[in-house]
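# Results of the structural survey
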Amino acid sequence: MKHDHSPVLPGHGATDYARYMRTDTLLDLQRSADEAIHRDELLFQVVHQSTELWLKLATAELTEASTEVSAGRLPVAEALLARATLAVRLVTDQLEMLSHMSPVDFAAMQPALGNGTGAESPGWRGVQAASRQLGRAFDGRLTTQGITVADLHPAGTADPLDRLAEAMVEWDERVSVWRVRHYQVALRTGGYPPAGQPGTPANMLAKLAEHRFFPELWQARIRPSAAR
Ligand code: HEM
């Protein structure tokens, strides 16, 4: 049987795939070979742009997870948080592609970037704001249930609040793993000297790898379990 592939959706593009996925626009977002001052700009833009997309998803899932926490639907929040965590794992993996660029190639394309820095990434900013929002929603939930962080036992229990706390620790850890990997990419591809001098970019990145959104939940894990 022959399938009819003629487009039925509104919008631009020769096929429904192109119209729904907006591939014409998407694939036009990278500098052409004519515009680029270095051939690796495509690699660099693809890694960054796809990171922004995954973090857009992570932010949306985290934001909805906060709403679910406030509503007391903790297993739903945990499932949404797992999606956000997987998104961060994927963007950590794609940092590997940048190891294919040498510091000399990176320096050659740097004029194309202007004063731009990943610190201005809307994806990472969104993730940070949404993580803080999740922390506030979780604190609110503890208050509603009349308990404190000291009553939690995140590691190894089946209680929905404990399980969510453990998922939040996992999230924290995955963000930190991204930062550790990013720090190493900055050294290897950016050619920065390793951390040591206070105030240098490498020092700042190394310090940030220790950052935790939910330090009190990490603390809660090391207390022995007791029945609640
Ligand atoms: C060749 C690749 C890369 C190099 C050499 C590099 C280098 C750096 C450096 C030196 C900093 C410190 C702040 C500054 O001086 O601007 C920084 C910060 C940052 N970069 Fe990158 N970076 C690279 C790739 C990426 C990618 C793919 C992303 C993803 C969006 C990213 C996101 C960030 C973020 C969010 C910060 C703020 C620090 C943090 O939150 O941990 N960078 N980067």
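All figures in this text were calculated on a predicted structure; none of them were measured in a lab.

### Description of the coordination of the iron atom of the ligand
One donor from the polypeptide reaches the iron atom of the ligand: His182 (NE2), at 2.0 Å. Tracing the chain through its elements places His182 in helix α7 (residues 160-188).

### Focus: the site of the ligand
Around the ligand, the structure places 24 residues, and the nearest of them are His48, Thr117, Gly118, Arg179 and His182. Thr117 places a polar side-chain atom, nitrogen or oxygen, 2.7 Å from an oxygen atom of the ligand. His182 is positioned such that a nitrogen or oxygen atom in its side chain is 2.9 Å from a nitrogen atom of the ligand. The set of elements that each furnish at least two residues to the shell around the ligand consists of α3 (41-70), α6 (122-144), α7 and α8 (201-208). Looking at which element gives the most residues to the shell around the ligand, the answer is α7, with 5 residues.

### Looking at the packing of α3 against helix α4 (residues 74-94)
Axis separation between α3 and α4 bottoms out at 8 Å; the angle between their running directions is 165°. By the angle class used here, α3 and α4 are roughly antiparallel. Crossing hand, α3 versus α4: left-handed. For the pair α3 and α4, contact is made by Val47, Ser50, Thr51, Trp54, Leu55, Ala58, Glu61, Leu62, Glu64, Ala65, Glu68 and Val69 and by Leu74, Val76, Ala77, Leu80, Leu81, Arg83, Ala84, Ala87, Val88, Leu90, Val91 and Gln94, respectively. Here the contact of α3 with α4 is built from residues that sort into 17 nonpolar, 3 polar and 4 charged.

### Details of the environment of Gly190
Tracing the backbone shows Gly190 in the loop between α7 and α8. By relative accessible area, Gly190 is classed as partly exposed at 24%. Discounting chain neighbours no more than four positions away, the residues touching Gly190 are Phe106 and Val185.

### Thoughts on the domain arrangement of the protein
Per the domain assignment, the segments of the protein are domain 1 (1-30) and domain 2 (39-220). If you average the C-alpha positions of domain 1 and of domain 2, the two centres end up 33 Å apart.

### What about unusual backbone geometry?
A positive phi angle, close to 55°, is found at Arg22, a residue other than glycine. Structurally, Arg22 can be placed in the loop between α1 (16-21) and α2 (23-26).

How each quantity is defined
In every chain, residue numbers begin from 1 and rise along the written sequence. Local features in this predicted model are restricted to residues of pLDDT 70 or higher, and side-chain atom pairs are both shown and tallied only at a pLDDT of 80 or more, whereas totals for entire chains, interfaces and linings draw on every residue. Excluding hydrogens and water, the side-chain values take into account all heavy atoms of the structure. Donor atoms: N, O and S within 2.8 Å of the metal, or within 3.2 Å for Na, K and Ca. Because water is excluded, sites can look incomplete. Strands here are runs of E lasting at least two residues and helices are runs of H or I lasting at least four, both read from the DSSP assignment and numbered beginning at the N terminus. By convention in these notes, a residue is near a molecule or strand provided one of its non-hydrogen atoms lies within 4 Å of it. Throughout this description, a polar contact denotes any pair of N or O atoms lying within 3.5 Å of each other; where both atoms belong to protein, one of them has to be capable of donating a hydrogen while the other can accept it, and for residues adjacent in sequence the pair is counted only when both atoms sit in side chains. Here, axes are lines fitted to C-alpha atoms. For helices the fit covers the stretch in contact, and angles between N-to-C directions go from 0 to 180 degrees. Just so you know how the angles are binned, under 35 degrees is roughly parallel, over 145 roughly antiparallel, 65 to 115 roughly perpendicular, and the rest oblique. Take the far helix as the reference: if the near one is turned anticlockwise from it by less than a right angle, the crossing is left-handed, and if turned clockwise, right-handed. Contacts are assigned to residue pairs with any non-hydrogen atoms lying within 4.5 Å of each other. Each residue is assigned to one of three groups, with Ala, Val, Leu, Ile, Met, Phe, Trp, Tyr, Cys and Pro labelled nonpolar, Asp, Glu, Lys and Arg labelled charged, and all others, Gly among them, labelled polar. Categorising residues by exposure relies on relative accessible area from a 1.4 Å probe, with only protein chains included: less than 20% of the type maximum marks a residue as buried, more than 50% marks it as exposed, and the intermediate range marks it as partly exposed. Just so you know, the domain bounds were taken from an automatic or database domain assignment.

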